[in-house]
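Chain by chain, the residues:
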Amino acid sequence: MARKKSGKLRTSFRKKHQGRVREGDLTREFRQGDEDGLADAIHSERLSGKGDLTRKRTIIGKASTPDDAAGLNVEFNPDNATLSRGRVLSVHGLQSKVMTDDGDIYACATRQVLKSLSTDQRHIVVAGDHVLFRIQSRSGGIDPSELAGDGMIESVLPRHGTLHRTSRGKQHILAANVDCVVIVATAAEPTLKPALIDRMILTAHQCGITPLVVINKIDLVNAVDLAPLMGVYGSLGYRVLMTSTVTGQNIDYLRAWMQNRQSVVTGQSGVGKSSLLNAIDPTLSLSVGRVSTDNQKGRHTTTASQLIPIRGGGCVFDTPGIRQFQLWDISAGEVAGYMPDFRPYVSHCRYPNCLHVSEDSCAVKNAVADGQIDARRYDAYCYLLEEELAI
Ligand code: GDP
Ligand code: ZN
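Just so it is clear, the structure is predicted and the values come from calculations on it, not from any experiment.

A. Inspection of the overall build of the chain at higher detail. In terms of regular secondary structure, the chain is built from 13 helices and 14 strands. Within the chain, buried positions represent 51% of all 391 residues. Taking as baseline every contact in the chain between residues at least 6 positions apart, the subset at least 24 positions apart corresponds to 69%. Per element, the accessible surface of the chain, about 18600 Å² overall, is 50% carbon and sulfur.

Right under this line is the structure:
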């Protein structure tokens, strides 16, 4: 009975507050009672039982739960002027490394009362979080690689763009405040797979995080050959950058783009993610050409995320296991809505739940036939539905 009641509550809540942040008790209900409830709440269109899609999901999402949205912004100390502001680079057990805007790094504990506020999250503080902390001691070291001192995290500021894994209704946040997803593909080696780019764009879109598409290894092809494909992305409003770590083409642009952002760099193994980051900041010294361990799809990884500062500004997340955006949380019916070129047509299909694959009187398919939607984008859409969502 109680379950039923909570189900009813959820429905009416969706109608009244669509797209807005949910209230605490509701989320707690989801977490306790309904494994897929949280995902349902995030994607209010989800009607079918897609719970069997995947049991563990890693997605990037906008603030989607009260904890994400509000952070843990509890002002225990009105004298905030004495607190320092910083971003969390990594969390190891009870200790977080927090970097101030000046680049000083403090080893911080988390105030007990903050920890007691959330029992559902494994870590109350995650990489990428913006926090207020109290400096408790300074080491006074002159070696810049040394920690600047110790501190106590007093408050976690509101989050946006969280990367999280949902498992049995519980959310494990891997990274917070993701400003940008840099989607790296290659002109050659491995061959360009536009459907993969489309999928990654869609995931970024779904999460409201700005994507930047980077086509690397442009030195290996004649760039003119890529013009039609780039034209399609450009016309959809996506920024596309052709780069080469060999000739240095557009590396300055990429560096400038990442400068004031916390970015996730994603893409297949071997496309040159490490090479690009090294080109942007040689002091990162990431190993290039190493065998990837990214393909452990769905495996529970115990390695924690890290936020790595880039010299000259900006940070990049090293989040093991999510570089390819392989795991996502979307139902088939939602896909077209996240494709801006499809969106104008979907409401004109005969069937309101049209998936634009085999249905009659489908406005999307008509638009493809008329050349109003790029045929390759439509192929990518069908690929997504068939390969990823197994409809
Ligand atoms: P990751 O797996 O995405 O991190 O890719 P890596 O950075 O390890 O690079 C994979 C391979 O591509 C390495 O052998 C690099 O030397 C090579 N590579 C990276 N960028 C470029 C480029 O712009 N042009 C060419 N020709 N090769 C590149
Ligand atoms: Zn349709």
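There is more to say after this.
B. The arrangement of the confidence of the model for the chain in detail. The predicted model of the chain has a mean per-residue pLDDT of 75, with 66% of residues at 70 or higher. Segment residues 1-71 is flagged for pLDDT under 50; beyond a separation of four residues in sequence, or across chains, it makes 134 contacts in the model. In this model, residues 294-302 is a region of pLDDT below 50 whose contacts with residues beyond four sequence positions or in other chains number 14 contacts.

C. Here's a closer look at the coordination of the zinc ion (ligand 2). Around the zinc ion (ligand 2), the protein supplies Cys349 (SG), Cys354 (SG), His356 (ND1) and Cys362 (SG) as donor atoms, at distances of 2.1 to 2.4 Å. One can describe the donor arrangement at the zinc ion (ligand 2) as tetrahedral, given that its 4 donor atoms subtend angles of 102 to 117° at the metal. Donor residues for the zinc ion (ligand 2) sit on one chain with the sequence pattern C-x4-C-x1-H-x5-C. By the burial criterion, His356 is buried, and Cys362 matches it.

D. Local environment of the packing of aromatic side chains. Summed over all chains, the structure comprises 4 aromatic pairs. Ring geometry for Tyr378 and Tyr381: centres 6.1 Å apart, planes at 25°, overall stacked. Placement of the pair is Tyr378 and Tyr381 together in helix H13 (residues 375-388), with a separation of 3 residues, close to one helical turn. Residue Tyr378 shares its accessibility class with Tyr381, and that shared class is buried. Above the face of the Trp257 ring, Arg261 is positioned so that its terminal group lies 3.8 Å from the ring centre.

E. Here's a closer look at the nonpolar core. In terms of nonpolar packing, the biggest core is built from 31 residues, with Ile197, Ile201, Ile215, Leu226, Met230, Tyr233 and Phe317 touching the most fellow members. Counting only elements with at least two residues in this core, the list comes to strand S8 (170-175), strand S9 (180-186), helix H6 (194-206), strand S10 (210-216), helix H7 (227-235) and strand S14 (315-318). Setting aside its immediate chain neighbours within four residues, Phe317 contacts Ala127, Gly128, Ala175, Ala176, Asn177, Val178, Gln262, Ser263, Val264, Gln306 and Leu307. Counting 21 residues, the second-largest nonpolar core is a separate cluster that includes Leu202, Ile330, Phe342 and Tyr345.

F. Here's a closer look at the pattern of salt bridges. According to the stated counting rule, one finds 8 salt bridges in the structure shown. Asp341 serves as the salt-bridge partner of Arg377, at 2.7 Å between the closest nitrogen and oxygen. Pair noted here: Arg377 is in helix H13 and Asp341 is in the loop between helix H10 (332-335) and helix H11 (343-346), with a separation of 36 residues, a long-range link. Of the residues examined, Arg377 reaches a relative accessible area of 2% and is grouped as buried. Put simply, Asp198, Asp341, Arg376 and Arg377 are held in one network by salt bridges that share partners.

Reading the values: the criteria
- Numbering of residues starts from 1 in each chain and follows the order in which that chain's sequence is written.
- Each chain takes a letter, starting from A, and each ligand takes a number, starting from 1, following the order in which they are written.
- Since the coordinates come from a predicted model, pLDDT governs what is reported: local features require at least 70, and pairs of side-chain atoms require 80 or more to be given and counted, while whole-chain, interface and lining totals use all residues.
- Just so you know, side-chain values use all the structure's heavy atoms and leave hydrogens and water out.
- Numbering goes from the N terminus for both helices and strands, where a helix is a DSSP run of H or I of at least four residues and a strand is a run of E of at least two.
- Buried residues are those whose accessible area, probed at 1.4 Å on protein chains only, stays under 20% of the maximum for their type, while exposed residues exceed 50% and partly exposed ones sit between those limits.
- Contacts are assigned to residue pairs with any non-hydrogen atoms lying within 4.5 Å of each other.
- Surface accessibility in these figures is a Shrake-Rupley result with a 1.4 Å probe; residues are shielded only by whichever protein chains are displayed.
- Confidence scores labelled pLDDT are given residue by residue by the predictor and lie between 0 and 100.
- For Na, K and Ca the donor cutoff is 3.2 Å, while for all other metals N, O and S atoms count as donors only within 2.8 Å; water does not appear among the atoms, so some sites may look incomplete.
- Under the classification used here, a metal with four donors is tetrahedral if each angle lies between 85 and 135 degrees, square planar if opposite donors are over 155 degrees apart and the others between 65 and 115, a six-donor metal meeting that same test is octahedral, and anything else is irregular.
- Here a pair means two rings of Phe, Tyr or Trp (six-membered ring of Trp) with centres within 6.5 Å. Their orientation is stacked below 30 degrees between planes, edge-to-face above 60, and tilted elsewhere.
- Our definition puts a charge over a ring when NZ of Lys or CZ of Arg is within 6 Å of the ring centre and also within 35 degrees of the ring normal.
- Buried residues of nine kinds, namely Ala, Val, Leu, Ile, Met, Phe, Trp, Tyr and Cys, make up a nonpolar core once their side-chain atoms join them within 4.5 Å.
- Definition used for salt bridges: Asp or Glu carboxyl oxygen within 4 Å of a side-chain nitrogen of Lys or Arg.

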